[in-house]
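Analysis of the macromolecular model
Chain residues, written in single-letter form:
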Amino acid sequence: MTPAQNADELIFFINGRKIIEKNADPETMLLTYLRKKLRLTGTKYGCGGGGCGACTVMISRYDHLTHKIQHFSATACLLPICMLHGMAVTTVEGVGSTKTRIHPVQERIAKAHGSQCGFCTPGMVMSMYALLRNNPEPSTEELLDTLSGNLCRCTGYRPILDGYKTFCKVSCCQTNDGKCCLSAEDDATLSSDATEEGICTDLFHPAEFMPLDSTQEIIFPPELMLMAQQQQETKRVFKGTAITWISPANLEELLELKTEYPKAPLVVGNTNVGPDMKFKGVFHPVIISPTRVVELHAVTYTENGITIGAACSLEHVKNILQKATEELPEDQTKIFMALLEQIRRLGGQQIRNVASLGGSIASGYPNSDVNPVLVAGGCTVNLATKAGARQIPLDGDFFLGFCKTALKPEEVIISINIPYSSMWQFILAFRQAQRQENAFPIVNAAMSVVFKEKSNVIHSCRIVYGSVGVTTLSATRTCQELAGRSFDEEMLKAACTLVLDEISLPATAPGGMVEFRRTLIISFLFKFYLQILHKLQEMGLSSSVIPEEYSSAVEDLPRNMPKTLQMFQEVAAGQLSQDLVGRPIMHQSALIHATGEAVYCDDIPSLDGELALAMVTSTRMYAKIVSIDKTEAVQMAGVHAVITADDVPGNNTRFLFDDEKLFAENEVTCVGQIVCAVAAETIAQAKAAARSVKITYEDLTPAILTIEDAVQQKSFLSPMSKLEKGNVDEAFKTADHIFQGQMHVGGQEHFYMETHSMLVIPKGENNEMDVFVSAQHLTLAQESVANALGVPANKIMCHVKRIGGAFGGKVTKASALASITAVAAYKTGRAIRCVLERGDDMLITGARHPTLGKYKIGFMNDGRIIAADVTFFVNGGCSLDESDLVQKKMLLNMDNAYNIPNLRCSGFTCKTNLPSNTAFRGFGAPQGIAVTECWINDVAESSGLPPEMIREMNMYKGMTITHYKQEFDSTQLLRCWNECLLKSSYHNQKIAIAEFNKQNRWKKRGIAIIPLKYGVGFDVGFLNQAAALVHIYKDGSVLVTHGGTEMGQGLHTKMMQIASRELRIPMSYIHISDTSTKSVPNTAPSAASFGTDSNGMAVREACQILLQRLDPIINDNPKGSWEDWVHEAYMNRISLSTTGFFRGEDAFVDWNKQEGNPYSYFSFGTACSVVEIDCLTGNHVNLRTDVVMDAGISLNPATDIGQIEGAFTQGLGLYTLEEMKFSPEGVLYTRGPAQYKIPATCDVPQEFNVYLLSGSKNPKAIYSSKGLGEPAVILGSSVFYAIKDAIAEARKENNLTGPFIFNSPATPERIRMACEDQLTDQIMRDEPGTYIPWAISV
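This report concerns the structure included in the present document.

A count of helical and extended segments in the protein chain gives 39 helices and 49 strands. The globule rule puts the C-alpha radius of gyration for 1338 residues at 34 Å, and the 31 Å found for the protein chain is close to it. In terms of principal-axis extent, the alpha carbons of the protein chain reach across some 95 × 80 × 70 Å. Buried residues in the protein chain amount to 65% of all 1338 residues. A separation of at least 24 residues holds for 78% of the contacts in the protein chain among residues at least 6 apart in sequence. Put simply, the protein chain shows about 46800 Å² of open surface, and 50% of that area lies on carbon and sulfur atoms. Treating the 120 positive side-chain charges of the protein chain as one cloud and the 144 negative ones as another, the clouds have centres 2 Å apart.

Laid out in structure tokens, this is it:
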């Protein structure tokens, strides 16, 4: 049933422009409206669920009650436009523009080098802008809080924080000539090095930044103030094709509507209902938005507590409670403090700004962070219906089941009563999540105890948990049993036993991690006990003794603004000022990234008649396709075609990949395989039709998901690879000790901020097509499309301006998706746009290869490793793709920095029924080297020798040779190692850590230092080539085109630096437009850390040719200008256009002879990391990281350091945070930022120092530089091994010594369960094989 009223006009402002929408559709989100209707494309689509921050905008509204204008950040992907009546929206375009003036918030992120691919940058700008509109001089804590909801995959966050902390009131940077007081001056070593001659520490100069002038901001539209003061006292109705949105003006109207539409949800922030409708297919024909109801926003202070309106945002609630805790006596605010603790970590600030307190209660989600505190605190809710009002307690009788509460269908939560605490009441809240911030809890809890006056005897208590059942659970029976007991160790033992019995998690529980969650149940109880016991001791009410080393168990891990230092070599004395090679130059697109003017594939304006494409994917992991029923889909509104394998005019087999089809034929081999696609007039129509395609399957066997099953079934995609050096078997016979072990390294999702995007435009003649594609390898995309269409490559022109991150994931996969899109364009004759949603992108395109390494190591008493036999098994998925090459590079790099005299390594590529895995930054080396460092650690543990001694003892020295017989000079490797030992104060830190661990039982610190040798370039010779095309125009401007793609690595910037040097002109004369097969044919992929090396050489040659042509003219007129010389050349008919070409080395590996020269050269580095872990929860914090990297002579220190930091952070994610989870049926669970956690600002080491090794040269690359895009990923493993070191210290407390299996990533679950203790011993263990787990390890 829908209301009878006619639809109202929607009035709001965007960037100062009045918008009147006469037919507002409740299904239209602000993000879609901005991008598709207003063509404001600076606001980006990143995930569609509010989890990444790419679509952040600022919302402003006038509160007619307080007469104040409120500014707050919000995610446009979750905001229905109907919610915006009477509000003002500011997007990144409204903040500043290069066409008018840029804003300081845009300037600082750009000039501080905080933008690489640039896709996340507008969201970062808008979060910071909203903060500055509210507080022009924020604290660093507010800065960190503000950016907690924004993700970046490129930078590692350091430069973003460094740029934006110049706004903060504690920053000295604006007045101290850029010498930041936060830059680790406590360390004498760092301070002295920073003053070394020829060494620089300034990547940017804050003194040059524009000042922030808050008087120059866009004013809030006066018209909206008048609207707010004279707002209608009647409800507003907005009707769409399927949904009606109703906004009541007062409480009476709200209660009438709820009576009329009892099933209609109340939407305030759309943070629960919105994702349910988008991702779970929930449909609501009527939505009621009560944001104008005054009673729902009222805040009342009573003699018993605070009553907060149900529509108050969580951020507003936080501010209310924060103020109360500052003004009221501590005894009264204990419940407020517990609630504050949870709200601070709940979601990102954009979510907290709109999500309501009442919504959290009414939704009844089991993972709510606030509900356990409200229950434990004895809070009540005030409810109302048209018939009357009532007040009920929030307790175990309120939360009835999954998303079910005691609310009657027609009832509305008006407000929540949060009582003051009493002197004898104590309440604490706990949570553990996959990431410290902006992550749903794995388990959360709130516990309250009331003591009998002046005693330690429990009068009453409440123990409440979230995320351990279908709803918020109260341990009622446990609390009844504990009443009347003394608060002592016996009580704790009884409580643990009782609560584990009452809060029972079955082995098959959704969410998995069952044993970890059981452990957290009592770990939180133990923390509660320790903290309350400490309070009782302070009050003189307990004689129980808490060991001093237990005291830190109740403290949170530290969280501070990172202190950072970057050191690099200054350019040579006498280098011309206009020669920018070697200087820290801003990314050439950074400013337009920050203003939203940078154009990505989906920002290209829509064409007349353009269609949208949606994929239909398999829901079975291995099955025969019985039938595909398109009947319903083709009849749906807007649908033009359903495209299947039958529609492919050329070859449905993927170009270069014979074992994979573009569209599945006859059978599917994984969940997520593309079966067909739907082309429709809008993406909403295409997706609706895609859901209506009915595919009938017949399951096939055997379906294989795990490496172990593939090995057992002998299911492999390619023959085994092998490299061997020395006589391994004989060496084992002479070893003093032999140790065997294994390590599993999990997969990793690329999570580039821009999902796969393409726009294919038929030219209308000769089968020509323009293909705009977000791809790293344009020639492969060109050849793939031509192959699918059955036309020669010269009919297909592929273009890319920039990519919003790629990391290897847009090499081969983009070509397949472009081919499918081209087939749709061919069939319909229309331009086709295909932009994968985040969940589909993660499902379809594969990831980094999960890897199992098994090893047998022979070593001597003194720690020398004399023999190693290592076998790698990689999970390739259902087809080969690049898996064989990944596995081979794993073997080539597995020696890392170590010269093992007798070494055998073998590799198997397993075929499983998972989406085909593909290239990822490092291309197998991060997995292989992690396994190597594991057995190095095992040798140290087994021998009792320090791991740094084992590493250095077995390291390559001087001129040496690899296990595949390539000779190289390892001098810089040892230099990096020694420099890092010195810069990190490694030995002093180790002593301090040992002392810390001695004094702390439940917090432990660990340290690890990891060296690195990484081969740069492609190990097949034909890929080591590049071409460039350089034009000089008559006005002297220069256009450079080359075969590399700009994806955030600063490739175009470096090419412009090279052209500037070679042509001896300022960079401002030079422009790079895009990369296109129309300009430069036969391109190699931008990968293997080789893009600058190859394309730079080609650009250099082209510029040298042009300069040689100009030389006679320059010699004739040496005092002339560049423009004079160019004009004269033109008048003399001298060609001002040429190509340059680079032919790289003949890299090769002969796998039969087990030898070769696969790499042009090696990059070297070392990282030292220090961590602190919470042994009770598995949480950890990265305290410090020092990275020393051999960059040769850096072309651009800002870019190179940015690449090192970004790669390191991505490695940190790989090894400690990011976990892909599959169901036993092969379904990927982790399909967005809500489930899959990449590093956020909270994961940046609290001291993060990067040093480029001085005095290093590399004759193999342009200007003696080195490729740095990939190697530092591996240095992220230093954090993993620091965690393992801390765990080893925790295990010693329980008399557990020696090597132990610890797989990657080092998630909270793995950390906690490896710290075995009396609590992990107490939980119930489930026998593997006796149940079907929720998720499996692949």
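It is worth spelling out the nonpolar core at this point. Grouped together as the largest cluster of nonpolar side chains are 259 residues, with contacts concentrated most on Tyr-164, Tyr-465, Phe-487 and Trp-935. When near neighbours in sequence (up to four residues on either side) are disregarded, Phe-487 contacts Phe-451, Asn-456, Ile-458, Phe-528, Tyr-529, Ile-532, Leu-533, Leu-536 and Ser-544. By size, the runner-up hydrophobic cluster in this structure holds 75 residues, among which are Cys-82, Ile-320, Leu-340 and Ile-413.

On to the sheet that holds strand β29 (residues 737-745). The strand order across the open sheet formed by five strands is β28-β36-β35-β34-β29, and the pairing between neighbours is mixed. Bordering the open sheet on either side are β28 (721-725) and β29, each of which pairs with just one other strand. With strand direction ignored, the average angle separating the axes of adjacent strands in the sheet is 10 degrees. Pairing of strand β35 (residues 865-877) with strand β36 (residues 903-911) involves nine bridges; the strand directions are parallel. By the bridge assignment for β36, Ala-868 is matched with Leu-903.

This next bit is on the sheet that holds strand β18 (residues 441-451). Spatial ordering of the open sheet is given by β17-β18-β19-β20, a layout of four strands whose pairing is antiparallel. Two strands close off the open sheet at either side, each with one partner strand: β17 (425-433) and β20 (473-474). Across nine bridges, β17 lies against β18 in antiparallel orientation. Residue pairing for β18: Ala-433 is matched across the bridge by Pro-441.

A separate point is the pattern of salt bridges. All chains considered together, the criterion is met by 68 salt bridges. Put simply, Arg-345 and Glu-341 hold a salt bridge, and the shortest N to O gap is 3.0 Å. Accessibility expressed as a relative area gives 24% for Arg-345, which makes it partly exposed. Connected through shared salt-bridge partners, Arg-35, Lys-36, Lys-44, Asp-602, Asp-603, Glu-610 and Arg-833 make up one network.

What follows covers the packing of helix α32 (residues 1051-1063) against helix α33 (residues 1091-1116). Helices that pack against each other are described as a pair by the angle of their axes relative to one another and the distance between those axes. Running from N to C, α32 and α33 cross one another at 30 degrees; their axes reach a closest spacing of 9 Å. Put simply, α32 runs roughly parallel to α33. Between α32 and α33 the crossing geometry is right-handed. In this structure, α32 contributes Leu-1051, Lys-1054, Met-1055, Ile-1058, Ala-1059, Glu-1062 and Leu-1063 to the contact, and α33 contributes Gly-1091, Thr-1092, Asn-1095, Gly-1096, Val-1099, Arg-1100, Cys-1103, Gln-1104, Leu-1106 and Leu-1107. Residues belonging to the contact of α32 with α33 are distributed by class as follows: nine nonpolar, five polar and three charged.

Let us now look at helix α34 (residues 1122-1131). Residues of α34 that are buried include every one of Trp-1122, Trp-1125, Val-1126 and Ala-1129, and no others. When α34 is viewed along its axis, its buried side chains cluster within an angular range of 95 degrees and face the same direction. Check the buried side of α34 and you find it contacts β40 (1025-1032), β41 (1038-1042), α32 and α33. Two residues or fewer after α34 comes Arg-1133, characterised by a positive phi angle close to 55 degrees.

For the pair helix α35 (residues 1197-1216) and helix α37 (residues 1277-1292), the least separation of the axes is 7 Å and the interaxial angle reads 40 degrees. As judged from the angle between their axes, α35 and α37 are oblique. In this structure, α35 contributes Phe-1208, Leu-1212, Tyr-1215 and Thr-1216 to the contact, and α37 contributes Ser-1277, Ser-1278, Val-1279, Phe-1280 and Ile-1283. Split by residue class, the contact of α35 with α37 holds six nonpolar, three polar and no charged.

Its 14 residues give helix α17 (residues 489-502) an end-to-end C-alpha distance of 20 Å, which sits within 8% of 20 Å, the value for a rise of 1.5 Å per residue. Those residues of α17 that sit buried are Met-491, Leu-492, Ala-494, Ala-495, Cys-496, Val-499, Leu-500 and Glu-502. Contacts from the buried residues of α17 go to β19 (458-466), β20, α16 (476-482), α18 (514-538) and α39 (1318-1322). The N-cap residue of α17 is Asp-488: its side-chain oxygen and the backbone nitrogen of Glu-490 are 3.3 Å apart.

It is worth spelling out the packing of aromatic side chains at this point. In the structure shown here, the tally under the stated rule is 30 aromatic pairs. Consider the rings of Phe-204 and Phe-209, whose centres lie 5.7 Å apart with planes at 15 degrees: the pair is stacked. A relative accessible area of 14% means that Phe-204 is categorised as buried. With 6.4 Å between their ring centres and 50 degrees between their planes, Phe-1090 and Phe-1142 make a pair best called tilted.

Scoring rules and cut-offs
- Residues numbered from 1 in each chain as written.
- Predicted model: local features only at pLDDT ≥ 70, side-chain atom pairs only at ≥ 80, totals over all residues.
- Heavy atoms only, no water.
- Helix = DSSP H or I, 4+ residues; strand = E, 2+ residues; numbered from the N terminus.
- Rg over C-alpha atoms; globule rule 2.2 N^0.38 Å.
- Buried < 20%, exposed > 50% of the residue type's maximum accessible area, 1.4 Å probe, protein only.
- Contact = heavy atoms within 4.5 Å.
- Areas by Shrake-Rupley, 256 points an atom, 1.4 Å probe, with all protein chains shown as cover.
- Lys, Arg positive; Asp, Glu negative; His and termini not counted.
- Charge placed at Lys NZ, Arg CZ, Asp CG, Glu CD.
- Core = buried A, V, L, I, M, F, W, Y, C linked by side-chain atoms within 4.5 Å.
- Pairing = 2+ DSSP bridges.
- Axes fitted to C-alpha atoms, helices over the stretch in contact; angles between N-to-C directions.
- Salt bridge = Lys/Arg side-chain N within 4 Å of Asp/Glu carboxyl O.
- Parallel < 35°, antiparallel > 145°, perpendicular 65-115°, else oblique.
- Left-handed = near helix turned anticlockwise from the far one by under 90°.
- Nonpolar A, V, L, I, M, F, W, Y, C, P; charged D, E, K, R; others polar.
- Arc of directions from axis to C-beta.
- Expected span 1.5 Å × (residues − 1).
- Polar contact = N/O pair within 3.5 Å; in protein donor to acceptor, adjacent residues only side chain to side chain.
- Phe/Tyr/Trp six-rings, centres within 6.5 Å; stacked < 30°, edge-to-face > 60°.

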